[in-house]
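# Reading the structure
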Amino acid sequence: MEFFDRLYLGFEAEYYIMGRLFGAGYEAFKLPADFGFDILVTNQKEQSLKGNRTQRNIQPPYALQIKSRRIKEETFYDGPNGRPETRVKFSIKKQDIDLMLAQDNSYLICVIFISDASGLITNKIISFWLDKFHLEYIKSLGCFREKLDAKGIYELQSCIRLRPTVDTESFIDENLVNKGKLTQEGKKFLLDKLPKTLQLNWEATEYISLVRPPKNDKNSDPSVVKAIPSALTDFKNLGMKISLNLE
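Attention in this report is confined to the structure presented alongside it. (Residues numbered from 1 in each chain as written. Predicted model: local features only at pLDDT ≥ 70, side-chain atom pairs only at ≥ 80, totals over all residues. Heavy atoms only, no water.)

## Notes on the overall build of the chain
The test is simple: A run of H or I in DSSP becomes a helix once it reaches four residues, and a run of E becomes a strand once it reaches two; helices and strands are each numbered from the N terminus. Using a 1.4 Å probe on the protein chains alone, a residue whose accessible area is under 20% of its type maximum counts as buried, one over 50% counts as exposed, and one in between counts as partly exposed. Any two residues whose heavy atoms approach within 4.5 Å at even a single point are treated as in contact. To be clear on the numbers: accessible area is Shrake-Rupley with a 1.4 Å probe, and residue cover counts the displayed protein chains and nothing else. Charge assignment: positive for Lys and Arg, negative for Asp and Glu; neither His nor the chain ends contribute. Where a charge lies is defined by one atom per residue type: Lys uses NZ, Arg uses CZ, Asp uses CG and Glu uses CD.
Each helix and strand in the chain was counted, giving 6 helices and 13 strands. Considering the chain as a whole, with its 247 residues, one finds that 40% of them fall into the buried category. For the chain, the proportion of contacts with a sequence separation of at least 24, taken over those separated by at least 6, is 64%. Of the roughly 14500 Å² of accessible surface on the chain, 53% is carried by carbon and sulfur atoms. Of the side chains in the chain, 36 bear a positive and 33 a negative charge, and the two mean positions are spaced by 3 Å.

In structure tokens, the structure reads:
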């Protein structure tokens, strides 16, 4: 069953990205054979209706390789500044990395499905893209690490950081009970009604980062976590030159 679970997760990610591409004004086609890419992207609508192309550094067609992971909400832990965070690794074959590096119109698309156990209607889906030039850059930084138990398979590690949170009981004690504004009975009532954690700053941004090794030793930890530009989560920006700085 594990094989089919991975297979169908891959299909889910591919069709999710295809939907986002159509929403961005492109046409997206699932390739019938596996030659290292999963989706082909064109812009025929733009050409037919406008008669000219949007100014991009790289024009379609684009060849996309899709990598996906499904994680559970409970994998998050307390990160810096009270932000829940989790690490997500994507496995990529060396031959696929080399193939993407050989073509200017190639893209790596990473999709993360977060299963939410809170009873909300929808789960969170995070996706971002990296072009051939981004891949060259992160490879030079040592971001692709070969798996110890699988020769020829490399991992790209990302980090999700959510809005800052605080433990609900501690927040109630510090701001209400200890200041005489709430009784113990009132505290018990609130704890029964509220989630275990509260978002501390609703204006804070959530972001996705890439993880690179320190420059002095690419095989050691602690690793360095650097946020990627939000423009890399918008598929309307495919073909545009978006700077990526993990220094």
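## Topic: the sheet that holds strand β6 (residues 106–115)
To be explicit about the condition: Each pair of strands is called paired provided DSSP finds at least two bridges between the two strands. Structural elements are reduced to axes, namely lines fitted to C-alpha atoms, with helices fitted over the stretch in contact, and the angle between N-to-C directions of any two is expressed from 0 to 180 degrees.
Across the sheet, 5 strands lie side by side as β1-β2-β3-β6-β7; this open sheet has mixed pairing. Both outer strands of the open sheet, β1 (27–30) and β7 (124–131), are each paired with one neighbouring strand and no more. Averaged over all pairs of adjacent strands, the angle between their axes in this sheet comes to 30°, without regard to strand direction. When strand β3 (residues 62–72) meets β6, the two strands line up parallel, connected through 10 bridges. Of the residues in β6, the one forming a bridge with Gln65 is Leu108. Here helix α4 (residues 132–140) sits on the sheet and contacts β6 and β7; the angle it forms with β7, its principal contact strand, is near 90°.

## Some points on the packing of aromatic side chains
The test is simple: Any pair of Phe, Tyr and Trp rings, taking the six-membered ring for Trp, is counted once the centres come within 6.5 Å. Such a pair is stacked with planes under 30 degrees apart, edge-to-face with planes over 60 apart, and tilted for the rest. For a Lys NZ or an Arg CZ to count as sitting over a ring, it must be within 6 Å of the ring centre and within 35 degrees of the ring normal.
The final tally for this structure, using the stated rule, is 6 aromatic pairs. Consider the rings of Phe90 and Phe128, whose centres lie 6.5 Å apart with planes at 80°: the pair is edge-to-face. In this pair, Phe90 sits in strand β5 (residues 84–93) while Phe128 sits in strand β7, placing the two residues 38 residues apart along the sequence. With a relative accessible area of 0%, Phe128 lands in the buried category. Among the aromatic side chains, those forming a connected cluster through ring pairs are Tyr26, Tyr62, Tyr107 and Trp129. A cation sits over an aromatic face here: Arg70 above Phe113, 5.3 Å from the ring centre.

## Some points on the nonpolar core
Where we set the bar: Side-chain atoms within 4.5 Å are what join buried Ala, Val, Leu, Ile, Met, Phe, Trp, Tyr and Cys residues into a set we call a nonpolar core.
Of all hydrophobic cores here, the largest spans 54 residues; its most connected members are Leu21, Leu64, Leu130, Ile138 and Ile160. Top element by residues in this core is β6. It accounts for 8 residues. If we ignore the near neighbours within four places in the chain, the residues touching Leu21 are Tyr26, Ala28, Ile39, Val41, Leu64, Phe235 and Leu238.

## Description of the environment of Pro61
Note on placement: Pro61 falls in the loop between α2 (44–50) and β3. Residues Pro61 and Ala28, 33 residues apart in the sequence, show an inter-C-alpha distance of 9.7 Å. Pro61 has contacts with Leu40, Val41, Thr42 and Asn105, leaving out every residue within four places of it along the chain.

## Description of a nonpolar patch on the surface
Defined as follows: Patch definition: residues above 30% relative accessible area lacking any salt bridge, with like charges linked at up to 9 Å and the nonpolar side chains Val, Leu, Ile, Met, Phe, Trp and Tyr linked at up to 5 Å. One side-chain nitrogen of Lys or Arg within 4 Å of one carboxyl oxygen of Asp or Glu is enough to make a salt bridge.
Taken together, Phe3, Phe4, Leu7 and Tyr8 make up a surface patch of nonpolar side chains, about 440 Å² in accessible area. Looking at the secondary structure, you find Phe4 in helix α1 (residues 2–23). For Phe4, a relative accessible area of 47% gives the class partly exposed.

## Considering the packing of helix α5 (residues 168–177) against helix α6 (residues 184–193)
A pair of packed helices is characterised by two quantities: the angle between their axes and the separation of those axes. Test applied: Each crossing is labelled by how the near helix is turned from the far one, with a counterclockwise turn of less than a right angle marking it left-handed and a clockwise turn marking it right-handed. For this classification, Asp, Glu, Lys and Arg are treated as charged, while Ala, Val, Leu, Ile, Met, Phe, Trp, Tyr, Cys and Pro are nonpolar and the rest, including Gly, are polar.
Running from N to C, α5 and α6 cross one another at 145°; their axes reach a closest spacing of 11 Å. Crossing angle aside, the handedness with which α5 passes α6 is right-handed. Across the interface between the two elements, Thr168, Glu169, Ile172, Asp173, Leu176 and Val177 from α5 touch Gln184, Lys187, Leu190 and Leu191 from α6. Residues that form the contact of α5 with α6 fall into these classes: 5 nonpolar, 2 polar and 3 charged.

## Section: the pattern of salt bridges
Enumeration according to the criterion identifies 14 salt bridges in this entry. The shortest N-O distance in the salt bridge between Asp98 and Lys94 comes to 2.8 Å. Of the two residues, Asp98 and Lys94 both sit in helix α3 (residues 94–101), 4 residues apart, roughly one turn of that helix. One connected set of salt bridges, linked through shared partners, spans Lys89, Lys147 and Glu155.

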